[in-house]
Amino acid sequence: MMAVSGALRAAVLALTVIAIGVSQPGPAASQGIRQTTGTFEDKFRQLDEVLPDANVYRTAGGEPGPQYWQQKVDYRIRATLDEPARRLNATQTITYTNNSPDTLRFLWLQLDQNIFRRDSMAETTVDFGGLGNRGPTNVAPGGAEAPKLSFAELRRQHAMADNDYGYDILTVTGPRGAALPHTIVGTLMRIDLATPLRPGQSTTFDMEFAFNIVEEDAVSARSGYEHFPDDAREGGNDLFLLAQWFPRLVAYSDYEGWHNKEFLGRGEFTLEFGDYDVSLVVPDDHIVSSTGVLANPNDVLTAAQRRRLEEAKTADRPVYIVTPEEALANESSNPTGTRTWRFTAKNVRDFAWASSRKFAWDARGYAQPGAAQPLVMAMSFWPKEGGDLWAKYSTAAVIHTMEVYGRFSFDYPYPTAQSVNGPVGGMEYPMITFNGPRTKLQEDGSRTYTMAEKVFLVGVVIHEIGHIYFPMVVNSDERTWTWMDEGLNSFLDSVASYEWDPDMPWGSGLPRDIIGYMTSSTQQPIMTHSDSVTSLGPNAYSKPSAALHVLRDVVMERELFDFAFREYARRWKFKRPTPADFFRTMEEASGVDLDWFWRGWFYTTEHVDVSLDAVYRMRLDTRDPDIDNARRRQEEADKPLPIGVRLDREEARPVWVEEFPDVRDFYDENDVYTVTNKERNAYAEFLEGLEDWERDALERAVAEDKNYYVLQFSNLGGLVSPLLLEMTFADASTEAVKIPAEIWRRNPHQVRKLFVFDRDKELTGVVIDPEWATGDANTENNHYPRRIIPSRVETFKQERSGFPQRDIMADIRTPLKADEEAAGEAAQDAAGENAAAGDAPAGDQDGAAAPAPAEPPATQ
């Protein structure tokens, strides 16, 4: 580093504060100095301290290692739906291939239906007031909360008491039909193998099982049946959504071994890929939607339905396979027997299906030229309760999702992508999703929906179809790290939602939407285990989504982020990543050190709150007395008069030196800023002592006469963040400035930053994060000068008012009361006149018959 002469250092660095004075601490006392604890906090420590070490299975760069492995499980299942009993009976043959380097002496299976047993761990450990089973808080005498049960919880209690739920495991047999010893542990079952299963070997075993299907609305499950008592058919109809319906192998991984953790309801699923061949025996008037491809369409579809399905492959808009009119007519039918629908699926980690006679069905082909799966059939299934809401938006949203997600990850890898309406609000499985929004039946027989319901449908379809990418293909561990699928997917669904229609009132995926949670006392780190998270939506969905928006739009910017995210998806397609693999891939592919970001956003409960504390305007001391003294004289003149002097002048109080001018002397004509030749000579000597390059630098600085500003920032929230600044100047121009988060690396609590502008660029205002891109919790301390704070009452009203919850489609049909009253009065007057005249009957040309009420305006 080149040394700077003392003369130039004195000239160039003598910046005078002319806006706000800075008080400097005095020197420390020479004696009695007390040793204090340091306050330095390193927000930029490397995350490798907490991440697992790289190994042959997972590299330090976040890729699958050279010896990466995962197990394979194939299923052949035959299941029979007993609609009157609402019971499922099934047999399955499972082939388990051990690709691990370990010898296995037993296998673990998941028995998820056992969560509904009255003695399950989930049921016996649920906290009263948790999971939505308590009504509004009531305060009892003494300040304690008085317990209160909702009607929904009472209904659930009755359903659990009146029914026996959970699996009946009837048989478990080995390859030669011999019974295999097995032990049930809550929602898990261990099967003891007759012979150890060595690396590279496979074993096959059979199971026979049955269970009573839960009523989803009654017990609040992820699947089940919904009853429609008002349908035309005697006894009504049922709609069945079947998921977590067969005993499935627990995942076995290189980093955990068996993932045999009890299913408690919140943490979802960790599964192995495999091939499925599933035969579903249902009433012969049912329509079935399922994971996989229908292998026997000639056996279950009519010729017209097969023709329509073929037409849909190349159609521009969805084509009805079963029309709403056909579905409505089918509601009143009765089965004459059963029909077997057979579906096959390759390389999927799960299998779900839906069955009902109520389903309308539409489809449209989605072309992916050059992809391994060049044509995907996007399809939707819904009962009449879905109405036009589903007909307009469901399949369209499926296709839109594949278009957007394909840009961020990979081509959709499966032959079908389906959206099914039922009692489940939103759940995802390979090639099939369950989505809940519906229309509302009006008194005139029409169906309407609110803006909120429209937003819900489009949003939930995007979200759940998006899950087919994450985690159905990028196979993360949902049971442990919910955010790895929900958070990443919420980020992508928010991108897709705004690309669908940016003017719709979408949800909570942006940084500005998560501030309330991040500043709350209940916030937990994103890395908290799924079953321990208290606020799952904000913690596992919204906060990770907000973090990735900050990463994409602020920290890395889009080109680097998109490349790195695609690389993560490509690397871990059909494999099982961990958080470390995601963190390391994003850094490796982008070239950006993100340890500070992962640590702050994912491992702490800090939030962003950067305050702009002060703005200092500074001018260069040139050492030229003719320049500097004139400037200082003007600065003194710009100061306000002492208040006493101002009041004296307003009172016209006489001034002594004006009444007696003979007392004036030299100093009345020459103030303290008068320049003398002695000072000029000293300046000339100063210039003579400069080297040529020093003189050139000084002369240029004096000639340019730039404006120097120092901005002081405090990090009040603890979470370090880039500084996004909008500078406003006296000429009304603005300039955007981005300062990377690394400015906080040596002092994460307070920093200063120097800005230099041309002499004609006078700074008049600064705003931190003007577009609310970083999730800054307090926007009021982001302004300099400070702005007037908007009324909190008005802000609250603005946020709570609006149209999303109004059913405008129905409300617009309501006649205006004034028109109704006027029509009624006119009718009474006309009747009186006719009665008095005794001739013209009502409705005659000369009569005064009451006018028909006007037709309501047509809805759009």
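For clarity, every value in this text was computed on a predicted model and none was experimentally measured. (Residues numbered from 1 in each chain as written. Predicted model: local features only at pLDDT ≥ 70, side-chain atom pairs only at ≥ 80, totals over all residues. Heavy atoms only, no water.)

Description of the overall build of the protein chain
Then, in step 1: Looking only at helices and strands, the protein chain features 24 helices and 35 strands.
Then, in step 2: The proportion of buried residues among the 860 residues of the protein chain is 48%.
Then, in step 3: Sequence-distant contacts in the protein chain: of pairs separated by 6 or more residues, those separated by 24 or more amount to 75%.
Then, in step 4: In the structure as shown, the protein chain presents an accessible area of about 42200 Å², 51% of it carried by carbon and sulfur atoms. (Helix = DSSP H or I, 4+ residues; strand = E, 2+ residues; numbered from the N terminus. Buried < 20%, exposed > 50% of the residue type's maximum accessible area, 1.4 Å probe, protein only. Contact = heavy atoms within 4.5 Å. Areas by Shrake-Rupley, 256 points an atom, 1.4 Å probe, with all protein chains shown as cover.)

Some details on the confidence of the model for the protein chain
Then, in step 1: Averaged over all residues, the pLDDT of the protein chain is 88; the fraction at 70 or higher stands at 87%.
Then, in step 2: In the predicted structure, residues 132-139 sits below a pLDDT of 50 and forms 21 contacts with residues beyond four places in sequence or in another chain.
Then, in step 3: Here residues 831-860 is modelled with pLDDT under 50, and outside its nearest four sequence neighbours on either side it reaches 16 contacts, counting other chains as well. (pLDDT = per-residue confidence, 0-100.)

Concerning the pattern of salt bridges
Then, in step 1: With the rule as written, the count across this model stands at 55 salt bridges.
Then, in step 2: Among the ionic pairs, arginine 571 bridges to glutamate 588, the shortest N-O distance being 4.0 Å. Here the residue arginine 571 occupies a position in helix 13 (residues 558-571), and glutamate 588 occupies one in helix 14 (residues 579-590), the gap between them amounting to 17 residues.
Then, in step 3: Bridged by salt links that share partners, the residues Glu63, Glu567, Arg570, Arg571 and Glu588 form one connected network. (Salt bridge = Lys/Arg side-chain N within 4 Å of Asp/Glu carboxyl O.)

Considering the nonpolar core
Then, in step 1: The biggest cluster of nonpolar side chains holds 196 residues, and the ones touching the most others in it are Trp245, Phe582, Phe597 and Leu725.
Then, in step 2: Leucine 725 has contacts with Leu711, Phe713, Glu735, Ala736, Val737, Ile739, Phe755, Val766, Val767 and Ile768, leaving out every residue within four places of it along the chain.
Then, in step 3: Ala614, Met618, Tyr708 and Val710 belong to the second largest nonpolar core, which has seven residues in total. (Core = buried A, V, L, I, M, F, W, Y, C linked by side-chain atoms within 4.5 Å.)

Section: helix 13
Then, in step 1: For helix 13, which comprises 14 residues, the first-to-last C-alpha distance of 20 Å matches the rise-based estimate of 20 Å (1.5 Å per residue) to within 8%.
Then, in step 2: Three or more residues of helix 13 are buried, namely Phe561, Asp562, Ala564, Phe565, Glu567, Tyr568, Ala569 and Arg571.
Then, in step 3: Buried positions along helix 13 lie against helix 8 (387-408), helix 10 (483-500), helix 12 (536-555) and helix 14. (Expected span 1.5 Å × (residues − 1).)

Let's talk about the packing of helix 8 against helix 10
Then, in step 1: Contact pair helix 8 / helix 10: the axes reach a minimum separation of 10 Å and the direction vectors enclose 115 degrees. Judged by the twist between their axes, the crossing of helix 8 over helix 10 is right-handed. Here helix 8 contributes Tyr393, Ala396, Ala397, His400, Val404, Tyr405, Arg407 and Phe408 to the contact with helix 10, which in turn contributes Asn489, Leu492, Asp493, Val495, Ala496, Glu499 and Trp500.
Then, in step 2: Split into classes, the residues belonging to the contact of helix 8 with helix 10 amount to ten nonpolar, two polar and three charged. (Axes fitted to C-alpha atoms, helices over the stretch in contact; angles between N-to-C directions. Left-handed = near helix turned anticlockwise from the far one by under 90°. Nonpolar A, V, L, I, M, F, W, Y, C, P; charged D, E, K, R; others polar.)

Some words on unusual backbone geometry
Then, in step 1: A cis amide bond links phenylalanine 470 to the next residue, proline 471, at an omega of 20 degrees.
Then, in step 2: Looking at where proline 471 falls in the secondary structure, it is placed in the loop between helix 9 (451-466) and helix 10.
Then, in step 3: Phi is positive for asparagine 347, which is not a glycine, with a value near 55 degrees.
Then, in step 4: Relative to the helices and strands, asparagine 347 is located in strand 20 (residues 338-348).
Then, in step 5: We note that alanine 652 has phi near 60 degrees; this positive angle belongs to a residue other than glycine.
Then, in step 6: Structurally, the position occupied by alanine 652 is in the loop between helix 17 (643-650) and helix 18 (656-659).

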